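# Notes for the structure review
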Amino acid sequence: MAAEDRQINVAVVGLGFGSSFVPIYARHPHVGEVTICDISAERLHSVGDRHAITRRTTDFEEILRDDSIDAVHLVTPMPLHAEQSVAVMESGKHCACAVPLATSRADVDLVVAAQRRTRKNYMMMETAVYTREFLFVQELVRSGQVGRIQFARGAHYSDYENWPRWKWYAPMQYATHAVAPLLALTGTRAKSVTCLGSGWMPAELSQPYGNPFPVETAIFELAGQDHPTAAEVTRTIFRTIRQEFESFDIYGEHLSFEWSRRRGDESTLFRVDHAATRSGRHPVVVADAAQPPDRPELLPAKLQEFTSGGHGGSHPHLVHEFVSSIVEERTPAIDVHVAADWTTPGICAHESALAGGLPVAIPDSRRNT
């Protein structure tokens, strides 16, 4: 069957944040049946009724046993990601998973090994690299307008104190929203990191991960560049007052981009005004408001309305890439190795912070491929 005529059946597991993906899969032209799964029967039936989904279960094992399901999208608690991803691929199904890939080096290796063994598609559903801001800057980089990237900065500010205890992890254990755009735009991986913890932490918030820091700030050394390149990432998770915020900044030799610092504000492009710059003087740098547009034209017509949704309009792009990679029998854009490239730096950064800022080498998941 030609790729353009093929359909797959998809299950969405975890219907908190995951509920936003259900109508997108239901509308995708290459998706046949959608099954939904959640441990809460009340939430399961609420989402099912809202989106007219008849295939429902509270049992994850039932999803694994169902041979009619081709692919599973996991939107479950972070500590379950590695175990469930392995189980999905071992059951013969393709796997999409919310970020991060895993929370330890050992679990990253388990998922990588499972994908290598099963040859099923694995895609980490990183929203940050499909936001309208990212797609806008990506075009500037690809067109050469930015020039060589000299430095990159990412940040993710949040406070999880009132969230369930399983979310009380170390800041850098969940840093992919800040790390991924920097590595994607520079087209490389991080090879080493130095990280410091910062701030005072109540003892009760250190559990269950033994994390002593409300804030961690890392400097990453990037690999594979024709010039030394560093990236800085700051992640807050407790007792640090700020609007919740994800951002990236890119500083190039010709053009730079800074994400807005407050909700509702415009992002900024910095460029040199050559006409106003006098010979022998410092360049005159001007700041222009940047208004990244939605990119519905990148999607099938039935999905275009979803680009106005959350996480910068990223959700339909993620679904379309995952489904397309399966029907086209190709590797997804954020495959298991890219996912490891974007997850392991944060894990290693936390190790560095616990060691007082000692440098830590970041392993390459492709080393045994």
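Within each chain, residue numbers correspond to sequence positions counted from 1 in written order. Reporting of local features is limited, given that this is a predicted model, to residues whose pLDDT is at least 70; pairs of side-chain atoms are given and counted only at 80 or more, and all residues count toward the totals for whole chains, interfaces and linings. Think of the side-chain values as coming from all heavy atoms in the structure, minus any hydrogens and water.

## Details of the state of the cysteines
We count it as follows: When two cysteine sulfur atoms are found within 2.5 Å, that pair is recorded as a disulfide.
Scanning the entire structure with this criterion turns up zero disulfides. Between C95, a free cysteine, and C97, which holds the nearest cysteine sulfur, the sulfur-to-sulfur gap is 5.5 Å.

## With respect to the pairing of strand β5 (residues 94-97)
Heads up, the condition is: A simple rule labels every residue: compare its accessible area, found with a 1.4 Å probe on the protein chains alone, to the largest value its type can have, and call it buried under 20%, exposed over 50%, or partly exposed in between. In this description a helix means any DSSP run of H or I spanning at least four residues, a strand means any run of E spanning at least two, and both kinds are numbered starting from the N terminus. In short, DSSP must find at least two bridges between two strands for them to pair. Clockwise travel from the first strand over the helix to the second, with the strands pointing away from the viewer, marks a crossover as right-handed.
Side chains H94 and A96 of β5 all project onto a buried face; the interleaved residues C95 and C97 project onto the opposite face, where all are buried too. The pairing of strand β4 (residues 71-74) with β5 spans four bridges and is parallel. Bridged to A71 within β5 is H94. In this view, the connection linking β4 to its parallel neighbour β5 by way of helix α4 (residues 81-90) has right-handed handedness.

## Section: the side chain of D249
For clarity, the cut-off: N or O atoms closer than or at 3.5 Å make up a polar contact, with two conditions inside protein: a donor-capable atom paired with an acceptor-capable one, and, for residues adjacent in sequence, both atoms drawn from side chains.
The topology assignment puts D249 in strand β11 (residues 245-252). In this structure D249 comes out as buried when scored by relative accessible area, which is 1%. Side-chain polar atoms of D249 contact the side chain of R261, separated by 2.4 Å.

## Re the packing of aromatic side chains
Between two aromatic rings, the relevant description is the distance of the centres plus the angle of the planes. Using the following cut-off: Each Phe, Tyr or Trp ring, with Trp reduced to its six-membered ring, pairs with another whose centre is within 6.5 Å; inter-plane angles below 30 degrees give stacked pairs, above 60 give edge-to-face pairs, and intermediate values give tilted ones. Over a ring means this: the NZ of a Lys or the CZ of an Arg is within 6 Å of the ring centre and within 35 degrees of the ring normal.
Under the counting rule described, the total for this entry stands at twelve aromatic pairs. Ring geometry for F248 against F257: centres 5.5 Å apart, planes inclined by 35°, an arrangement best described as tilted. Both residues of the pair, F248 and F257, belong to the buried class. Taken together, the ring pairs connect F134, F136, F248, F257 and W259 into an aromatic cluster. Seen from the ring of Y174, R235 lies directly overhead, with NZ or CZ sitting 4.9 Å from the centre.

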